[in-house]
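The residues making up each chain are set out below.
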Amino acid sequence: MTDAKSEQARQLLAVYDDQLRGTSESADVPTSMDGPVIRVEYPNRGFVSYRSLEGLDSAEVDALIARQRDYFAAKGQSVEWKLRGHDLPADLPERLHAAGFEPEEQETVLVAESADIAERLRGRASIDGITIGLVNDRADFERIAAMESTVWNDDWSWLTDDLVRRHATGLTDIYVAEADGEVVSAAWAVYKEGTEFTGLWGGSTLAEWRGKGIYKALVAVRAARAVELGYKYLHVDASDDSSPILQRLGFLAVTTTTPYVYTP
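Residues numbered from 1 in each chain as written. Predicted model: local features only at pLDDT ≥ 70, side-chain atom pairs only at ≥ 80, totals over all residues. Heavy atoms only, no water.

Peer 1: Give me the overall build of the protein: which residues, what numbers.
Peer 2: Counting its secondary structure elements, the protein contains eight helices and 12 strands. On C-alpha atoms alone, the protein measures out to a radius of gyration of 19 Å, which is about the 18 Å that the 2.2 N^0.38 rule sets for 264 residues. Expressed as lengths along the three principal axes of its C-alpha atoms, the size of the protein is roughly 60 × 45 × 30 Å. Of the roughly 12,900 Å² of accessible surface on the protein, a fraction of 48% belongs to carbon and sulfur atoms. Of the side-chain charges in the protein, 27 are positive and 44 negative, and the distance between the mean point of each set is 3 Å. (Helix = DSSP H or I, 4+ residues; strand = E, 2+ residues; numbered from the N terminus. Rg over C-alpha atoms; globule rule 2.2 N^0.38 Å. Areas by Shrake-Rupley, 256 points an atom, 1.4 Å probe, with all protein chains shown as cover. Lys, Arg positive; Asp, Glu negative; His and termini not counted. Charge placed at Lys NZ, Arg CZ, Asp CG, Glu CD.)

Peer 1: Help me get a handle on the side chain of Ser-78, residues and values and all.
Peer 2: Following the sequence through the fold, Ser-78 ends up in strand β4 (residues 78-84). The exposure class assigned to Ser-78 is buried, which follows from its relative accessible area of 17%. With residues near it in sequence (within four places) discarded, Ser-78 still touches Arg-45, Gly-46, Phe-72, Val-261, Tyr-262, Thr-263 and Pro-264. (Buried < 20%, exposed > 50% of the residue type's maximum accessible area, 1.4 Å probe, protein only. Contact = heavy atoms within 4.5 Å.)

Peer 1: Report on the nonpolar core, specifying residues and quantitative values.
Peer 2: Ranked by size, the top nonpolar core spans 25 residues in total, and within it Ile-130, Ile-144, Leu-163, Ile-174, Val-184, Trp-188 and Ile-214 carry the most contacts. Elements supplying a minimum of two residues to this core: α5 (138-152), α6 (158-168), β8 (172-179), β9 (182-191) and α7 (214-229). The element best represented in this core is β9, accounting for six residues. Sequence-distant contacts of Ile-214, that is, excluding residues within four places in its chain, are made with Ile-127, Ile-130, Ala-177, Val-184, Ser-185, Thr-205 and Trp-209. (Core = buried A, V, L, I, M, F, W, Y, C linked by side-chain atoms within 4.5 Å.)

Peer 1: Explain the environment of Asn-136 residue by residue, including any values.
Peer 2: Take Asn-136: it is sitting in the loop between β7 (131-135) and α5. Exposure remark for Asn-136: the relative accessible area of 53% places this residue in the exposed category. Residues Asn-136 and Asp-91 lie 45 residues apart in sequence; the distance between their C-alpha atoms is 44 Å. With residues up to four places along the chain from it excluded, the contact list for Asn-136 reads Phe-141 and His-167.

Peer 1: Which residues make up the pairing of strand β1 (residues 31-34), and what values go with them?
Peer 2: As judged from the four bridges shared by β1 and strand β2 (residues 37-41), these two strands associate in the antiparallel manner. Among the inter-strand pairings, Met-33 is bridged to a residue of β2, identified as Ile-38. Counting the residues between successive antiparallel strands, the hairpin from β1 to β2 contains two residues, one of them, Gly-35, with a positive phi of roughly 60°. (Pairing = 2+ DSSP bridges.)

Peer 1: Explain the pattern of salt bridges to me, and be specific about the residues and the numbers.
Peer 2: Applying the stated criterion to the full structure yields 23 salt bridges. The shortest N-O distance in the salt bridge between Arg-21 and Asp-17 comes to 3.1 Å. On the basis of relative accessibility, which here comes to 4%, the residue Arg-21 falls in the buried class. The salt bridge involving Arg-69 is made with Asp-70; its shortest N-O contact spans 2.8 Å. Relative accessible area serves as the criterion here: at 40%, Asp-70 is assigned to the partly exposed category. Shared partners join several salt bridges into a network, and the residues in it are Asp-17, Arg-21 and Asp-87. (Salt bridge = Lys/Arg side-chain N within 4 Å of Asp/Glu carboxyl O.)

Peer 1: Which residues make up α7, and what are the values?
Peer 2: Think of an α-helix as 3.6 residues a turn; residues three or four steps apart then line up on the same face. The terminal C-alpha atoms of α7, which comprises 16 residues, lie 23 Å apart, in line with the 22 Å expected from a rise of 1.5 Å per residue. When we look at burial in α7, the residues that qualify are Ile-214, Tyr-215, Ala-217, Leu-218, Val-219, Ala-220, Val-221, Arg-222, Ala-223 and Ala-226. Residue Gly-230 follows α7 closely and has a positive phi angle near 90°. (Expected span 1.5 Å × (residues − 1).)

Peer 1: Any details on α5? Residues and values, ideally.
Peer 2: Between the first and last C-alpha of α5 there are 21 Å, a value that for 15 residues agrees with the 21 Å anticipated at 1.5 Å per step. When we look at burial in α5, the residues that qualify are Asp-140, Phe-141, Ile-144, Ala-145, Met-147, Glu-148 and Ser-149. Remark: Asn-153 follows α5 within two positions and exhibits a positive phi of approximately 50°.

Peer 1: Now, about the packing of α7 against helix α8 (residues 242-249): what can you tell me, with residues and values included?
Peer 2: The interhelical angle for the contact between α7 and α8, taken along N-to-C directions, is 55°, at an axis separation of 12 Å. It follows that α7 is oblique to α8 by the angle criterion. Crossing of α7 against α8: the hand is right-handed. Of the residues in α8, those touching α7 at Tyr-215, Lys-216 and Val-219 are Ser-242, Ile-245, Leu-246 and Leu-249. Broken down by class, the residue content of the contact of α7 with α8 amounts to five nonpolar, one polar and one charged. (Axes fitted to C-alpha atoms, helices over the stretch in contact; angles between N-to-C directions. Parallel < 35°, antiparallel > 145°, perpendicular 65-115°, else oblique. Left-handed = near helix turned anticlockwise from the far one by under 90°. Nonpolar A, V, L, I, M, F, W, Y, C, P; charged D, E, K, R; others polar.)

Peer 1: So, the packing of aromatic side chains: which residues are in play, and what are the values?
Peer 2: Applying the stated criterion to the full structure yields eight aromatic pairs. Consider the rings of Trp-152 and Trp-156, whose centres lie 6.0 Å apart with planes at 10°: the pair is stacked. In this structure Trp-152 comes out as partly exposed when scored by relative accessible area, which is 49%. Geometrically, the ring pair formed by Phe-197 and Tyr-233 is stacked, given 5.0 Å between the ring centres and 25° between the ring planes. Taken together, the positions of Phe-197 in strand β10 (residues 197-205) and Tyr-233 in strand β11 (residues 233-238) put the pair 36 residues apart, joining distant regions of the chain. Both residues of the pair, Phe-197 and Tyr-233, count as buried. In this structure an aromatic cluster arises from ring pairing among Trp-152, Trp-156 and Trp-158. A cation sits over an aromatic face here: Arg-21 above Tyr-50, 5.3 Å from the ring centre. Directly above the aromatic system of Tyr-71 lies the positively charged group of Arg-39, at a separation of 4.0 Å from the ring centroid. (Phe/Tyr/Trp six-rings, centres within 6.5 Å; stacked < 30°, edge-to-face > 60°. Lys NZ or Arg CZ within 6 Å of the ring centre and 35° of its normal.)

This is the structure:
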C-alpha cells in the first residue's frame, strides 16, 4: 500500500471507530452498559460492543470479559465478543481465549467513499439476462433464505425473520438478482442512523451464476443508493473471497474483525 493509501486508510479507520463502534453498532436492539462495554441482547445470542477499553488494567479487562460471559451464560445463551485487529490491549485475543471464548473466521473491514465506488461502477449495475430490484415482503425474504441455504448447504431459514426485522426498521434496502424468476443472488444495504455509513451485507450467489458480474452489480446499485440518501461511506466485513474483489474496486482495508464466541 502506498503512503497516500496508508494515510487514507488511517483516516477511514478513525471515522469508522468514531461512528460505528459502540452505541451505533447496536442501535435497534435492547442493550445495557457495563463500564465501556455495551451488552447487546439479540433474541438468541448476546453481542459485546465497545469503542475502547483504554484505561483498564489487566485484572479489570479479565473481569469485564468474565462478566459478559457469565451474564449470557446465566440466560443459557452464547455471546459474541467482536474483536477488531487494532483493539488494545494487544493480548486481548489470549485473554478472551483464557475465558473460554473461541475465535471464528476472521474478516477484513473495508471502507470506501460511496461516491467514489458509485463512479467506478457506473454502468455496471445492468447485466444481460439478470434483473436486479428491491424486495419488501416476506415471500421474497423466504426466497432469499432458500437461495442462501443452497449456497451454504445449510439451513438458513432463520434469515427470513432477520430480513423482516431489518426491513421493518426502515433503514435497510434488500435487493435480489433474478434470472427467469429464480433468485440467484441477494444483498442488502443497512443505513446506520446518526452516522455517515452504509453497511453492505449479503452478496452470496448461486455457484452456476458466479463470474458474471452480479456481485459488482449489487455493489453498484447500493453505492448509488447510498449517495442518493446522503451516506458518505460504505463499509463491509469481507470474507477472503470478497475482500480482493472489493479492494480492486477501490475499498481500503482498515482493520480486521474476528468474532470470539463463548457457548455455555
